Amino acid sequence: MVYVFLANGFEEIEALSVVDILRRAEIETKTVGVDGKKITGAHGITVKADITVEDVDKNDIDAVVLPGGMPGAVNLKNSAEVEQLLLFCVGSGKVTAAICAAPLVLGNLGLLENKTATCYPGFEEELKGAKILRQNVCVDGNIITASGPAAANEFAFALVDKLKNSTISAKIRKGMLFEV
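Residues numbered from 1 in each chain as written. Predicted model: local features only at pLDDT ≥ 70, side-chain atom pairs only at ≥ 80, totals over all residues. Heavy atoms only, no water.

### Concerning the packing of helix α5 (residues 152–163) against helix α6 (residues 166–176)
One way to put it is that α5 packs onto α6 with a least axis distance of 7 Å and a crossing angle of 150 degrees. Judged on the interaxial angle alone, α6 and α5 are roughly antiparallel. In this structure, α5 uses F157, V160 and D161 to contact α6, whose residues at the interface are S166, I168, S169, I172, R173 and M176. Here the residues of the contact of α5 with α6 are counted per class, giving five nonpolar, two polar and two charged. (Axes fitted to C-alpha atoms, helices over the stretch in contact; angles between N-to-C directions. Helix = DSSP H or I, 4+ residues; strand = E, 2+ residues; numbered from the N terminus. Parallel < 35°, antiparallel > 145°, perpendicular 65-115°, else oblique. Contact = heavy atoms within 4.5 Å. Nonpolar A, V, L, I, M, F, W, Y, C, P; charged D, E, K, R; others polar.)

So this is what it looks like as structure tokens:
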């Protein structure tokens, strides 16, 4: 199961395009409301999460995804439940992914130490211990980071590659007319 965490102020493209692409790849994915089930994004789009953070089952996590957006990324950082789940995931070797401003959550927990990572410009100082690369998507072991909204689809395909394989990713890319 992939859990995509939604906190008020999340970046809609970074969350919903990832959910869409993962589901096209037939990867079981649930949206997780950090502030209840009704979550409003940074651009005023309100979505109903599948479950709340209290309902996440650690035993069935394959990956967690943190969309960026402001103040969504800060709201994720301030959630004790999200923090505990991230520490569990990284400690258990689960895929842990963050895009835009959200890598700051991983950086503040020390989870990017000695990893290559990227983020939205201006948040580099928050990625404590990381080697910062200026590219759309960075994959370092089971940590995947991405730079921002324009990289959302590429970020989602990196997740598909990691959780399934590049053949499935290529088939979905072709069907969506996504070329790199």
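So much for the structure itself; the text now carries on.
### Notes on the state of the cysteines
Enumeration over the complete set of coordinates arrives at zero disulfides. The thiol of C100 is not disulfide-bonded; the next cysteine sulfur, from C119, is found 8.6 Å away. For C100, a relative accessible area of 8% puts it in the buried group. (Disulfide = S-S within 2.5 Å. Buried < 20%, exposed > 50% of the residue type's maximum accessible area, 1.4 Å probe, protein only.)

### With respect to unusual backbone geometry
M70 connects to P71 through a cis peptide bond whose omega is 10 degrees. With respect to the helices and strands, the residue P71 is situated in the loop between β6 (63–66) and α2 (72–77). Positive phi, close to 60 degrees, is recorded for N114, a residue that is not glycine. For N114, the position within the fold is in the loop between α4 (103–108) and β8 (116–117). Taking the relative accessible area as the measure of exposure, N114 reaches 70% and is therefore exposed.

### As for the pairing of strand β1 (residues 2–6)
Burial runs high along β1: five of the five residues are buried. With burial as the criterion, each face of β1 is covered, one bearing V2, V4 and L6 and the other bearing Y3 and F5. Inspection of the sheet shows β1 paired to strand β2 (residues 29–33) by five bridges, in the parallel sense. Along β2, the bridge assignment pairs F5 with V32. Crossover handedness for the path β1 to helix α1 (residues 12–24) to β2: right-handed. Direction of pairing for β1 relative to β6: parallel, over a ladder of three bridges. Counted as the bridge partner of Y3 is V64 from β6. (Pairing = 2+ DSSP bridges. Right-handed = clockwise from strand over helix to strand, strands pointing away.)

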